[in-house]
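Overview (structure and organization)
Residue strings, one per chain:
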Amino acid sequence: MHTVKNWFNHSLAAQALVLFVLGLGFGAVFRRGDHPALWAVQSLLYTAVIIGILAYQRRRTARATGARPGTVVDLNRRIRHRDVPADPEERAVMRRLVEDQLGKMERGSRWLPYWLGFMGLIAVGMVVLGATSGSLAFPVVFAVGVVVFCSWILWMRKRAMELHHHMRSALRERG
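Residues numbered from 1 in each chain as written. Predicted model: local features only at pLDDT ≥ 70, side-chain atom pairs only at ≥ 80, totals over all residues. Heavy atoms only, no water.

Secondary structure summary: the protein chain contains 7 helices and 0 strands in total. Starting at the N terminus and ending at the C terminus, the protein chain contains elements arranged as α-α-α-α-α-α-α. Compactness check: the protein chain gives a C-alpha radius of gyration of 21 Å against a globular reference of 16 Å for 175 residues, more than 25% above the reference. Counting only C-alpha atoms and orienting by the principal axes, one finds that the protein chain spans roughly 65 × 40 × 30 Å. Within the protein chain, the proportion of its 175 residues that are buried is 26%. The contacts in the protein chain between residues at least 6 apart in sequence include a share of 61% that link residues at least 24 apart. Looking at the protein chain as shown, the accessible area adds up to about 11,800 Å², and 68% of this sits on carbon and sulfur atoms. Once the 24 positive and 11 negative side-chain charges of the protein chain are each reduced to a mean point, those two points are 5 Å apart. (Helix = DSSP H or I, 4+ residues; strand = E, 2+ residues; numbered from the N terminus. Rg over C-alpha atoms; globule rule 2.2 N^0.38 Å. Buried < 20%, exposed > 50% of the residue type's maximum accessible area, 1.4 Å probe, protein only. Contact = heavy atoms within 4.5 Å. Areas by Shrake-Rupley, 256 points an atom, 1.4 Å probe, with all protein chains shown as cover. Lys, Arg positive; Asp, Glu negative; His and termini not counted. Charge placed at Lys NZ, Arg CZ, Asp CG, Glu CD.)

To continue, consider the pattern of salt bridges. Scanning the entire structure with this criterion turns up 6 salt bridges. Where Arg168 meets Glu99, a salt bridge forms, and the shortest distance between an N and an O atom there is 2.9 Å. Of this pair, Arg168 sits in helix 7 (residues 137-174) while Glu99 sits in helix 5 (residues 88-108), placing them 69 residues apart in sequence. Judged by its relative accessible area of 35%, Glu99 is partly exposed. Between Glu162 and Lys158 there is a salt bridge; the shortest N-O distance is 4.0 Å. Of this pair, Glu162 and Lys158 both sit in helix 7, separated by 4 residues, roughly a single helical turn. Through salt bridges with shared partners, one network takes in Arg78, Asp83 and Glu90. (Salt bridge = Lys/Arg side-chain N within 4 Å of Asp/Glu carboxyl O.)

So, on to the packing of helix 2 (residues 12-30) against helix 3 (residues 36-65). Contact geometry for helix 2 and helix 3: axes closest at 8 Å, N-to-C directions at 145 degrees. Handedness of the crossing formed by helix 2 with helix 3: right-handed. Taking contact as the criterion, the partners of Leu12, Gln15, Ala16, Leu19, Phe20, Gly23, Leu24, Gly27 and Ala28 in helix 2 are, on helix 3, Trp39, Ala40, Ser43, Leu44, Thr47, Ile50, Ile51, Leu54, Ala55 and Arg58. Of the residues that constitute the contact of helix 2 with helix 3, the class distribution is 13 nonpolar, 5 polar and 1 charged. (Axes fitted to C-alpha atoms, helices over the stretch in contact; angles between N-to-C directions. Left-handed = near helix turned anticlockwise from the far one by under 90°. Nonpolar A, V, L, I, M, F, W, Y, C, P; charged D, E, K, R; others polar.)

Let us now look at the side chain of His164. Checked against the element boundaries, His164 lands in helix 7. Residue classification places His164 among the buried positions, given a relative accessible area of 8%. At 2.8 Å, the side chain of His164 and the backbone oxygen of Ala160 are in polar contact. Dropping the residues within four chain positions of it, His164 is found in contact with Ile79, Val98, Gln101, Leu102 and Met105. (Polar contact = N/O pair within 3.5 Å; in protein donor to acceptor, adjacent residues only side chain to side chain.)

Let us now look at the packing of aromatic side chains. What characterises a pair of aromatic rings is the spacing of the ring centres plus the angle enclosed by the ring planes. For the structure on display, the rule yields 6 aromatic pairs. Their ring planes at 10 degrees and their centres at 5.9 Å tell us that Phe26 and Phe30 sit as a pair that is stacked. Taken together, the residues Phe26 and Phe30, both in helix 2 and 4 residues apart, mark about one turn of the helix. Classification of Phe30 as exposed rests on a relative accessible area of 61%. (Phe/Tyr/Trp six-rings, centres within 6.5 Å; stacked < 30°, edge-to-face > 60°.)

Geometric descriptors of this kind do not, in isolation, establish any biological role.
This is the structure we're talking about:
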């Protein structure tokens, strides 16, 4: 199982395969009236766009840290496991990666309240529209889903901040 996780972490082709299959599944479930070839074309298009964005982000992070994209993936795994590198050169790359990611999270925190408020506005709007149309089942489930999703985002952000601050202090202690 460990090698499968590493394969999915490192390989954009593996991630593209999973995205393509998920896109086909969503097309089959939600667009039953359309031709299956249309599902495949849409899934392929969405997969290409998402993998393109992911590859761009990986290259950008690699340039900012001075490491290869595969090394950045390994360093992110080490951050998640709180594993401080022993090699001084690897520590320097890790330090640049932590600073880059903390900077992105801190810049993103400026817009976070607005995004969460917008999501809440959408959820409240769905409930109001459901109340006026007579059916509250879907709007309430949707609103609960939005609240759970926003809570998950806040929890993941807090966890990532804690991991990166821990790694920053651990790298400072080791020199």
